[in-house]
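# Descriptive structure summary
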Amino acid sequence: MPRFYNLPEMPFFFHLITVIAIALPAQLGYTFVFGRGKILHFGPIGVSTVAAYGTFLTLNATGSFLLGLCAGVLMALAFSLLFAWLSFRLDSDGLGIMSIAVYLALFAVVLNWTSLTRGALGLPRIPRVPFADSAMSFALLTTGACVLWTLFFLWLDRTKLARQVSALAEGEWHAKALGISRAGAHIAAFVILGLTLASDNFFYAQYYHLLHPSDYYFPAFVSLLMITVAGKPGSTPGAIIATILLSLLKEGLRFLPFPSAVLGPLRLMLFGIILLAAVWIQRDTLFPKKRTI
Amino acid sequence: MPILSVTHLSLTLNSQQILKNVTFSVEQGEVIGLIGPNGSGKTTLFNVLSGFLKPTSGVMHFRDADITSVSPAQRARLGIGRVFQNFGIFREMTLEENVLVALEALPKEQRMLLGSIKDAVKGTLDMVGLSHHAKKKAGSLSGGQMRLLEIARTLKSGKELFLLDEPTAGVSPKMTRQVADLIGELKKEGKTVLIIEHDLPFISQICDRVLVLDVGEVVLSGAPREIKHDKKLQEIYFGADAAPY
Ligand SMILES: Nc1ncnc2c1ncn2[C@@H]1O[C@H](COP(=O)(O)OP(=O)(O)O)[C@@H](O)[C@H]1O
Ligand SMILES: [Mg+2]
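In this report, we go over the structure that sits alongside the text.

Criteria and cut-off values
- Within every chain, residues take consecutive numbers counted from 1 along the sequence as written.
- As they are written, the chains are lettered A onward and the ligands numbered 1 onward, keeping that order.
- Local features in this predicted model are restricted to residues of pLDDT 70 or higher, and side-chain atom pairs are both shown and tallied only at a pLDDT of 80 or more, whereas totals for entire chains, interfaces and linings draw on every residue.
- Excluding hydrogens and water, the side-chain figures rest on all heavy atoms present in the structure.
- Segments assigned H or I by DSSP are reported as helices when at least four residues long, segments assigned E as strands when at least two residues long, and all are numbered from the N terminus.
- Radius of gyration: C-alpha atoms only; globule rule: 2.2 Å multiplied by the number of residues to the exponent 0.38.
- Remark: exposure states derive from per-residue accessible area (1.4 Å probe, protein chains only) relative to the maximum for the residue type, with buried under 20%, exposed over 50%, and partly exposed in between.
- What makes two residues a contact is simply this: any of their non-hydrogen atoms within 4.5 Å.
- A 1.4 Å probe and the Shrake-Rupley method give the accessible areas. Residues count as covered only by the protein chains that appear here.
- A pair of strands is labelled paired if DSSP reports no fewer than 2 bridges between them.
- We count a salt bridge whenever a side-chain nitrogen from Lys or Arg sits within 4 Å of a carboxyl oxygen from Asp or Glu.
- What counts as buried area is the accessible surface, traced by a 1.4 Å probe, that two parts surrender upon association, with contributions from both included.
- Polar contact criterion, stated in full: a pair of N or O atoms within 3.5 Å, where within protein one must be able to donate a hydrogen and the other to accept it, and residues adjacent in sequence count only if both atoms are side-chain atoms.
- Three categories are distinguished: nonpolar for Ala, Val, Leu, Ile, Met, Phe, Trp, Tyr, Cys and Pro, charged for Asp, Glu, Lys and Arg, and polar for the others, with Gly belonging to the last.
- Only nitrogen, oxygen and sulfur atoms qualify as donors, provided they sit within 2.8 Å of the metal or within 3.2 Å for Na, K and Ca; with water excluded from the atoms, sites may seem incomplete.
- Using only the protein atoms, space was sampled on a 1 Å grid; points where a 1.4 Å probe fits but cannot get out form cavities, open sets with protein on both sides within 12 Å along at least five of seven lines form pockets, and lining residues are those with an atom within 4 Å of a point.
- Grid points are joined across faces, edges and corners, and a volume is the space filled by probe spheres set on the points.
- For each residue, the test is whether any non-hydrogen atom lies within 4 Å of the molecule or strand; if one does, the residue is near.
- Axis definition: a line fitted to C-alpha atoms, over the contacting stretch in the case of helices. Angles run 0 to 180 degrees between N-to-C directions.

### What to know about the overall build of chain B
When helices and strands are tallied, chain B shows 10 helices and 10 strands. Taken over the C-alpha trace, chain B has a radius of gyration of 18 Å; the compact-globule value for 245 residues is 18 Å, and the two agree within 12%. For chain B, the spread of C-alpha atoms along the three principal axes comes to 50 × 40 × 35 Å. Residues counted as buried form 53% of the 245 residues belonging to chain B. The contacts of chain B with a sequence gap of at least 6 include a subset with a gap of at least 24, amounting to 67%. Of the roughly 10,700 Å² of accessible surface on chain B, 51% is carried by carbon and sulfur atoms.

### Considering the pairing of strand β4 (residues 57–62) of chain B
Residue and element names in this part refer to chain B. Here 5 bridges tie strand β1 (residues 4–13) to β4, and the two strands are oriented antiparallel to one another. In the sheet register, Leu4 faces β4, and the bridge partner there is Phe62. In this structure, β4 lies alongside strand β5 (residues 65–66), joined through 2 bridges in antiparallel fashion. By the bridge assignment, Phe62 is partnered in β5 with Ala65. Between β4 and the antiparallel strand that follows it, β5, lie 2 residues; Arg63 among them carries a positive phi value of about 50°.

### Observations concerning the sheet that holds strand β2 (residues 16–26) of chain B
Taken in spatial order, the 4 strands line up as β2-β1-β4-β5 (chain B) in an open sheet, and their pairing is antiparallel. Edge positions in the sheet fall to β2 and β5 of chain B, since each has one partner strand and no second.

### Things to note about the pattern of salt bridges
Throughout the structure, instances matching the rule amount to 12 salt bridges over all chains. The partner of Glu104 of chain B in a salt bridge is Arg163 of chain A, with the nearest N and O atoms 2.5 Å apart. In this pair, Glu104 of chain B sits in helix α3 (residues 95–104) while Arg163 of chain A sits in helix α7 (residues 160–170), so the two residues belong to two different chains. Each member of the pair, Glu104 of chain B as well as Arg163 of chain A, is classed as buried. Between Asp126 of chain B and Lys122 of chain B there is a salt bridge, with its nearest N and O atoms 3.0 Å apart. Residue Asp126 of chain B and its partner Lys122 of chain B are both found in helix α5 (residues 117–127); the two are separated by 4 residues, about one turn of the helix. Residue classification places Lys122 of chain B among the partly exposed positions, given a relative accessible area of 48%. One salt-bridge network, held together by shared partners, links Glu172, Lys176 and Arg182 of chain A.

### Thoughts on the interface of chain A and chain B
At the junction of the two partners, chain A supplies 19 residues and chain B supplies 28 residues. Together, the buried faces of chain A and chain B total about 2,000 Å²; carbon and sulfur atoms form 63% of this surface. Between chain A and chain B we count 1 salt bridge in total. Applying the counting criterion to the chain A and chain B interface returns 6 residue pairs in polar contact (both at pLDDT 80 or more). Contributions of two or more residues to the side of chain A that touches chain B are made by α7 and α8 (172–176) of chain A. Broken down by class, the residue content of the side of chain A that touches chain B amounts to 7 nonpolar, 7 polar and 5 charged.

### A closer look at the coordination of the magnesium ion (ligand 2)
Residues and elements named next belong to chain B. For the magnesium ion (ligand 2), the protein coordination sphere consists of Thr43 (OG1) and Gln85 (OE1), at 2.0 to 2.8 Å. Highlighted residues: Thr43 in helix α1 (residues 42–49) and Gln85 in the loop between β6 (80–83) and α3, separated in sequence by 42 residues. A relative accessible area of 23% places Gln85 in the partly exposed class.

### Re the layout of surface pockets
Empty space among the atoms becomes apparent when a probe as large as a water molecule is rolled across them. Roughly 1,000 Å³ of internal volume is contained in the largest pocket. Lining the largest pocket we find 32 residues, and of these Ser166 and Pro233 of chain A together with Glu92, Met93 and Lys137 of chain B sit closest to its centre. Taken together, the elements giving at least two residues each to the lining of the largest pocket come down to α1 (12–36), α7 and α11 (236–252) of chain A together with α3 of chain B. Of the residues forming the lining of the largest pocket, the biggest block, 5 residues, is contributed by α7 of chain A. Classifying every residue of the lining of the largest pocket by side-chain character gives 9 nonpolar, 8 polar and 15 charged.

### With respect to the site of ligand 1
Residue and element names in this part refer to chain B. The full set of residues close to ligand 1 is Leu13, Asn14, Gln16, Ile18, Pro37, Asn38, Gly39, Ser40, Gly41, Lys42, Thr43 and Thr44. One of the backbone N or O atoms of Gly39 is found 2.8 Å from an oxygen atom in ligand 1. Taking Thr44, its side chain carries an N or O atom lying 2.5 Å from an oxygen atom of ligand 1. Notes on ligand 1: free accessible area 560 Å², of which the protein chains cover 62%. Contributing elements (two or more residues each) for the shell around ligand 1: β2 and α1.

### A look at the sheet that holds strand β9 (residues 209–214) of chain B
Residue and element names in this part refer to chain B. The sheet built from 6 strands is open, its strands ordered β6-β7-β8-β3-β9-β10 with mixed pairing. Both outer strands of the open sheet, β6 and β10 (217–222), are each paired with one neighbouring strand and no more. Shown here is a sheet whose adjacent strand axes are inclined to one another by a mean of 20°, direction ignored. Note that β6 and strand β7 (residues 161–165) share 4 bridges and pair parallel. Paired with Val83 across the two strands is Leu164, which belongs to β7. The strands touched by helix α6 (residues 143–156) within the sheet are β6 and β7, with β6 carrying the most contacts at an inclination of about 175°. Most of the contacts of helix α7 (residues 173–188) go to β7, to which it runs at about 160°, and overall it touches β3 (31–35), β7 and β8 (192–196).

Following this line, the structure appears as C-alpha cells:
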C-alpha cells in the first residue's frame, strides 16, 4: 500500500504541512480538468509516473536537479498532450476507459523495464535539493511552491480560459457556436494539470528519499478523484479545504493501533465510502444533464 | 453577392436521407422564415449551416468564402450566430459570465471594436433589462429571459447572419412579444436572419421570404403573401397525414 514508510524524523506538524503542500497543486489541476471541465481524464497518475521517473532517472544520471525537473516537465507535457489528443479522438466515456488503459500500459512499462527503473524495487536514496535538506526547510520549500500554485489557480478561475472550459462542459455545441475552440481550451487544461503533476512529483520522492512504484498504483488516483468530488467539483476553495481535511484524516489514521497491513486496506475502504457519499450527495451537479440542442 | 448560398446540399445519416438537394441563397439584410412540419429537417439544416454536421454532398458559401469544411467555432468567428431551440445559455454560469464568454470568443480585431468589455457586457444586459440580475446564475431565468439574453449576446458579438431555431419555443406568450421586438431590432440593424418558426402569422409579419421544408426538401419558397394560400403549404400543414405542429 502506498505511503507507509517510516516517517522521517521530524515534528509531525512539518510532516502534515509537507504532505498537504505536495498534494494540493495537482489536486487543483485535476479540479480544473475533471471538476470544472467534466473531462473524464482518468490517467493523471500515468502522467505522474512518467514525470517522476523522468525526473529522478535524469537526476541520477546527471546529478542535476534542474535537468531532472526539466525532464519531468517534458515527460508530463508529452503525455498530457497524448491524453489531450485522445480526448479529441474519443467520446467522453471512451476517453474514461482509454485513459485508464493508457495509464496501466505506462505503469506496466515502468514496472517491467527493470534495467532502467529497477521495476518493483523503485529508486532508493533519492537526495533532496541541497538547500532544503532539513525537515523545516523542505516544508518551507514545498509550501512556497504550493502557495504559488494556489494563487495561480485562484487567478485562473477568473480568466477567459476557465469560462471557456465551463461553457464547453455544459454545452459543447453551444460553446462552439460562440466561437470557442475546444482544442485550444482543453489542451491548455491538460497542460496545466500536467505541470502540476510534474511539480508534485518533483517533491514527492525527494521527501521520502525513495521513488517507489507502489505510490503510483490505482488507489493514488482514487484519492485524487475523491478529493475533487468531495470538494464541490470545479471549486478551487472547495478542493483546498477537501485536500486539507482528507490529508489530516489520512495522516491521523496512522495513530490508530493497527498494523500497517490492516491500516492500508482500512484507509482505502474509508476513502471508498467517502467517495461514494460525495458522489451521492452531488449526483445532480457532478455531471450536468446532457444538453439537447 | 448573397451573404449565404447553399448549393445542392444533401445529408444522409444512418442510411436515412435527411436533407435532399437543398439549394437557396440569402441576401444581406433579408429575414427568411424556414417552416415545415416536425422532423422535416429544419434543425438539421441549421446544424449543417453552423458546421456541426458535415453534408454528404453540396457546398456552402458565406459571402465569398467556401465554408463547407470550416469548423463550427471558425464559422462563429466569421459572423454566423446560432440561437438554439433548447437555449444556448449556460445555466451554471452567471448572466454576466454568459455574455462575457461570448464576447471573449471574438477575434481580436472585433473585440477591440467593443471598447471596454465590461461596458459591453453591461450594455448587453441592459438591452434586455437584465442588468440587475448580472451576478445571478442563468439557470434561474425564465425561458423568455434566456432567449432574450441569447439573442442579445449574439447581436452584441457582432454576428451578421443569425440562425434562430424556434425562438418563441418555451417562451411565455407575454415574453413572445418581446422576443419578436428584439428580432425586429435585428432587422432594423441590417442583420440577416434565418428563422425556424411554427407560428405562421408571426412568420408572415417579420419575414421577407419563406422557405418551406418537407422531408428534407425545399418544396416551396416565396414571399409570405404569395405562398400563404399555396396548395402545397396547406397540404403539408393541414393535410390528412401531416404531423400537427
Ligand atoms: N444526428 C442524427 N442522427 C440521425 N438522425 C437524425 C439526427 N438528427 C436528426 N435526425 C433525424 O432527422 C430528421 C429531421 O430532424 P430535425 O432536423 O430535428 O427536424 P425539425 O427541426 O424540422 O423538427 C428527423 O427524422 C430526425 O430523427
Ligand atoms: Mg427542430
